[in-house]
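# Architecture and fold: a report
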Amino acid sequence: MDITPKAPIQTQVDTDLARRFPPRFLWGAATASYQIEGAVHEDGRGSSIWDDFSATPGKVFEGHTGEVAADHYHRVEEDTDLMVRLGLSAYRFSIAWPRIVPEGRGAINPAGLDFYDRLVDTLLEKGIQPFATLYHWDLPSPLERAGGWLNRETAYAFADYTEIVARRLGDRVASWITLNEPWCSAYLGYGIGVHAPGRTDRQGAIDAAHHLLLGHGLAVPRLRAQVPAGTPVGITLIVNPVYGADERAETARDVKLAHAFSNAWFLDPIYRGSYPEGFFEAMALNPPPIQEGDLEIISAPLDFLGVNNYSRTLIRGAQEQPLADSCQAVAPIPNACYTDMGWEIYPHGLRDLLVNVARDYPVGNIYVTENGAAFPDTWDGGETINDPRRVSYLRSYLTACAEALEQGVPLRGYFVWSLMDNFEWAEGYAKRFGIVYVDYSTQRRIIKESGYWYAELLNAFNNNN
Ligand SMILES: N=[N+]=NCCCCNC(=O)[C@@H]1[C@H]2[C@H](O)[C@@H](O)[C@H](O)[C@@H](CO)[C@@H]12
């Protein structure tokens, strides 16, 4: 039965691609609280480090902030109707800690819990599985004033916040993700300062990463104690496959260093209970302040790994051994294609990383919790927005997912980044990742060609199963 009303754009329906995915494969889209909600001063929400960072001159493109964003806070009905129109079976969103516990710890804000309660109920009413991320970078400002993730206490505050949310929503959220991309929080936020809170201290990145991981590990049992037995709990990591540009020994050496920096820094403590051998030396830094039992807490068993992937890193080894975070990525590659973020389009990287991670780590199940592309979409006020490059990107990366599945990878679902255009961190609203366009002057949503393509793919999948 064809449930998708005819789209104004007729896209090629990839029925062959749809057929390569197993029954019960989950098809979703992802967003994050600070990037779409807006309403930053409403209903008792406290300030976050991204409110502070975006209000700081020079930090975000043209001074953009998340004050209004895509106004999702006031458009839950409309936006969940969009998800139904696209045929999503799941929706990954994040919960704003500053809405729930405005000071970071202590008093609970009932209106904050009410908002997510309503969102979850609306999703369930519309047949969409809620996937909740507990932390997608919007740390309450008071905690940052006390040191943020450099302060071990923040890990305990995160576990307390987790319990509060799980107690209210745990009976209805389908799957839980503790942290989104702690690599970005630690390195971009505390190491090089291009993300909130804008600190520039590489040792700080190491220490913050440890406390983020500790927060994750402390939160897992607190979550499990509040949710029905068997509710899947996981973490989302950015996984960036690293390749060598030549066969030289220096290149092989630097590929290993870059993989440790980009991936094993987090994968190893979570799944092996230890940091990668020699990693801190390769960063010329000290180990973080690890306390007795920390690594056991951090490596709490999980039910799935959420993988975010957008591109790859290609390395050409230097004569002198570089620091792990300064391995030279290769300059633009002849004939390569790039997204508007300057990220190389390399779908084989997703296939390879899924195969390698499933082989090298006891991850259980895997979801691709983010994959997508920014392109300079424009709207002429009409009914349609053509974004053929995004269609091509999604088709090629989903083909990579199908190839990984055919190699036995336990991939259970895919969430496109993103449901709609939104606040792209330091790039503000200048970068558009949505399969739905947002006209910020009116907050009108217009499904892009890629949105119709995705809806057709999901419809073809549903017709097969
Ligand atoms: N090594 N290395 N480099 C990694 C470079 C950072 C890559 N950026 C991401 O993964 C963020 C993720 C985020 O969850 C979402 O909130 C963002 O909107 C998307 C798009 O940017 C992606």
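Residues numbered from 1 in each chain as written. Predicted model: local features only at pLDDT ≥ 70, side-chain atom pairs only at ≥ 80, totals over all residues. Heavy atoms only, no water.

## Let's talk about the confidence of the model for the chain
Our working definition: The predictor attaches a confidence to each residue, and that confidence, scored 0 to 100, is pLDDT. Contacts were defined at the residue level, with two residues in contact if any of their heavy atoms lie within 4.5 Å.
Here the chain shows a mean pLDDT of 97. Residues at 70 or above account for 98%. Note that residues 1-5 has pLDDT below 50 and, in this model, eight contacts with residues that lie over four places away or in other chains. Among the scores for the predicted complex, ipTM is 0.96 and pTM is 0.97.

## Considering the packing of aromatic side chains
Defined as follows: Pairing of aromatic rings covers Phe, Tyr and the six-membered ring of Trp, with a centre-to-centre limit of 6.5 Å; geometry is then stacked below 30 degrees between planes, edge-to-face above 60, and tilted otherwise. Secondary structure follows DSSP: runs of H or I at least 4 residues long count as helices, runs of E at least 2 residues long count as strands, and numbering of each begins at the N terminus. Here's how the labels work: a residue is buried when its accessible area is under 20% of the maximum for its type, exposed when over 50%, partly exposed in between, all with a 1.4 Å probe on protein chains only.
Applying the stated rule across the entire model yields 47 aromatic pairs. Judged by centre distance (6.2 Å) and plane angle (50°), the rings of W379 and Y437 are tilted. Here Y437 lies in strand β11 (residues 436-439) and W379 lies in the loop between β9 (365-371) and α15 (388-406), a separation of 58 residues in the sequence. Looking at W379, the relative accessible area reads 22%, which means it is partly exposed.

## Describing the packing of helix α4 (residues 76-86) against helix α6 (residues 110-125)
Note the cut-off: As a rule, the C-alpha atoms of each element are fitted with a line to give its axis, helices using only the stretch in contact, and angles between N-to-C directions run from 0 to 180 degrees. Comment on the angle field: the value is read as roughly parallel under 35 degrees, roughly antiparallel over 145, roughly perpendicular from 65 to 115, and oblique elsewhere. With the far helix as reference, a near helix turned anticlockwise by less than a right angle produces a left-handed crossing, and one turned clockwise produces a right-handed crossing.
Closest axis-to-axis distance for the α4/α6 pair is 10 Å, and the angle between their directions is 30°. Judged by the inter-axis angle, α4 sits roughly parallel to α6. For the element pair α4 and α6, the recorded crossing hand is right-handed. In this structure, α4 contributes V76, E77, T80 and M83 to the contact, and α6 contributes F115, R118, L119, T122 and L123.

## Some remarks on α4
Stated precisely, the cut-off is as follows: Throughout, the arc means that of the directions going from the helix axis to the C-beta atoms.
Buried within α4 are the following residues: V76, D79, T80, L82, M83 and L86. Buried residues of α4 fall within an arc of 145° about the axis and therefore sit on the same side. Looking at the packing, one finds that the buried side of α4 touches β2 (90-94), α6, β11, β12 (444-447) and α16 (449-464). Where α4 terminates, the next one or two residues include G87, which has phi positive at roughly 85°.

## Notes on helix α9 (residues 182-191)
In an α-helix, one turn spans 3.6 residues; hence positions three or four apart end up facing the same way. For α9, the buried fraction is high: 10 of the 10 residues fall into the buried class. Summarising the contacts, the buried residues of α9 are in contact with β3 (129-135), α7 (141-145), β4 (175-180), α10 (202-224), β5 (233-238) and α11 (249-272). Remark: G193 follows α9 within two positions and exhibits a positive phi of approximately 75°.

## Examining the nonpolar core
The nonpolar side chains of soluble globular proteins are, as a tendency, buried together. Put simply, the test is: Put simply, a nonpolar core is a bunch of buried Ala, Val, Leu, Ile, Met, Phe, Trp, Tyr and Cys residues held in one set by side-chain atoms that sit within 4.5 Å of each other.
If you look at the biggest cluster of nonpolar residues, it comprises 161 residues, and the most contacted ones within it are W176 and W265. With 11 residues, the single largest contributor to this core is α11.

## A word on the site of the ligand
Let me state the cut-off plainly: Residues are counted as near a molecule or strand when any one of their heavy atoms sits within 4 Å of it. Contacts described as polar in this section are N or O atom pairs within 3.5 Å, which, within protein, must combine one atom able to donate a hydrogen with one able to accept it, while residues neighboring in sequence count only if both atoms come from side chains. Only the protein chains shown count as cover for residues, and the accessible areas themselves come from Shrake-Rupley with a 1.4 Å probe. Each residue gets one label: Ala, Val, Leu, Ile, Met, Phe, Trp, Tyr, Cys and Pro are nonpolar, Asp, Glu, Lys and Arg are charged, and the others, such as Gly, are polar.
As a matter of local geometry, the ligand sits amid 18 residues, with Q35, H136, E181, E370 and E424 nearest to it. Between the ligand and E424 there is a distance of 2.7 Å, counted from an oxygen atom to a side-chain nitrogen or oxygen. Expressed as a share of its isolated accessible area of 520 Å², the protein-covered part of the ligand is 87%. Of the residues assigned to the shell around the ligand, the class counts are nine nonpolar, six polar and three charged.

## Here we look at the pairing of strand β1 (residues 26-30)
The two faces of a sheet get side chains in turn, since along a regular strand they alternate between them. By the criterion of burial, β1 is predominantly enclosed, with five of the five residues buried. Residue alternation in β1 divides its side chains into two sets, L26, G28 and A30 and W27 and A29, and both sets are buried.

## What to know about the pattern of salt bridges
Cut-off, in case you're wondering: A carboxyl oxygen of Asp or Glu within 4 Å of a side-chain nitrogen of Lys or Arg is what we treat as a salt bridge.
This model, assessed by the stated rule, comprises 40 salt bridges. One salt bridge connects E144 with R199, and the closest N-O pair in it is separated by 2.8 Å. Taken together, the residues span a long stretch of sequence, with E144 in helix α7 and R199 in the loop between α9 and α10 at a distance of 55 residues. Since its relative accessible area comes to 31%, R199 is described here as partly exposed. For the salt bridge of R432 with D421, the shortest nitrogen-to-oxygen distance reads 2.6 Å. In this pair, R432 is assigned in the loop between β10 (411-417) and β11 and D421 in the loop between β10 and β11, connecting sequence segments 11 residues apart.

## Some details on the state of the cysteines
The cut-off we apply is this: The disulfide criterion used throughout: a pair of cysteine sulfur atoms within 2.5 Å.
Here the structure, examined in full by the defined rule, presents zero disulfides. Here C327 stays free of any disulfide, with the sulfur of C184 as its closest cysteine sulfur at 18 Å.

## Notes on the sheet that holds β9
Pairing between the strands of a sheet is mediated by backbone hydrogen bonds and can be parallel or antiparallel. Short version of the rule: DSSP bridges decide pairing: two strands pair if at least two such bridges lie between them.
Strand order around the closed barrel formed by eight strands is β1-β2-β3-β4-β5-β7-β9-β10, with parallel pairing between neighbours. Along the sheet, successive strands turn relative to each other by an average axial angle of 25°, direction set aside. By the bridge criterion, four bridges tie β9 to β10 in an arrangement that is parallel. By the bridge assignment, Y367 is partnered in β10 with G413.

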